[in-house]
Amino acid sequence: MKNTYSSLSKAIEDLQSKGYDTDFNLVDEGIESKAHKKTWTAGQIEVEDAFRFEGMTNPGDNSVLYVVNTHSGEKGLLVDAYGAYSGQISQEMIQKLKIEH
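As the structure is a prediction and not an experimental result, all values here were calculated from the model.

1. What to know about the overall build of the chain
Regarding its fold elements, the chain presents two helices and six strands. If you list the helices and strands of the chain from N to C, you get α-β-β-β-β-β-β-α. Within the chain, buried positions represent 37% of all 101 residues. Put simply, of all contacts in the chain between residues at least 6 apart along the chain, 51% involve residues at least 24 apart. Carbon together with sulfur atoms contributes 46% to the accessible area of the chain, which is approximately 6,100 Å² in total.

Put into structure tokens, the structure is as follows:
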């Protein structure tokens, strides 16, 4: 699936058109979808791809877009800042979100 995108918004728009339409949020135990009112642990998801985006003027604006599939069939996107997941979440989830260079 590896495409390159000029911006986070273009990536989200393209991936949503390909069926990745669930909006995931990072929570302590894994990820959640407020629309589906469900939570998945790290063992219940696969990170299919990840894209990094760097802010034009502020290095603090860096973000990562994760393309996620759940074992129950939901496909969607998780947007997070570089390193923001190093807080309260499980080590298993941190490993899932690791980007290989």
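2. Quick look at the pairing of strand S6 (residues 75–81)
Regular strands show a simple pattern: their side chains alternate between the two faces of the sheet. Here strand S1 (residues 22–27) pairs with S6 via three bridges, running parallel. Each bridged residue has a counterpart across the sheet, and for Phe24 the counterpart in S6 is Leu78. Where strand S5 (residues 63–70) meets S6, seven bridges bridge the pair, whose relative direction is antiparallel. Bridging across to S6, Val67 finds its partner in Leu77. Hairpin connection, S5 to S6: the antiparallel pair is bridged by four residues, and Gly73 has positive phi, about 105°.

3. A short note on the pairing of strand S3 (residues 38–41)
Note that strand S2 (residues 30–33) and S3 share four bridges and pair antiparallel. The partner of Glu32 across the bridge, within S3, is Thr39. In this antiparallel pair of consecutive strands, S2 and S3, the connection spans four residues, and Lys37 shows a positive phi of 55°.

Rules behind the numbers
- Residues numbered from 1 in each chain as written.
- Predicted model: local features only at pLDDT ≥ 70, side-chain atom pairs only at ≥ 80, totals over all residues.
- Heavy atoms only, no water.
- Helix = DSSP H or I, 4+ residues; strand = E, 2+ residues; numbered from the N terminus.
- Buried < 20%, exposed > 50% of the residue type's maximum accessible area, 1.4 Å probe, protein only.
- Contact = heavy atoms within 4.5 Å.
- Areas by Shrake-Rupley, 256 points an atom, 1.4 Å probe, with all protein chains shown as cover.
- Pairing = 2+ DSSP bridges.

Spatial relationships are all this shows, so hold off on functional conclusions.
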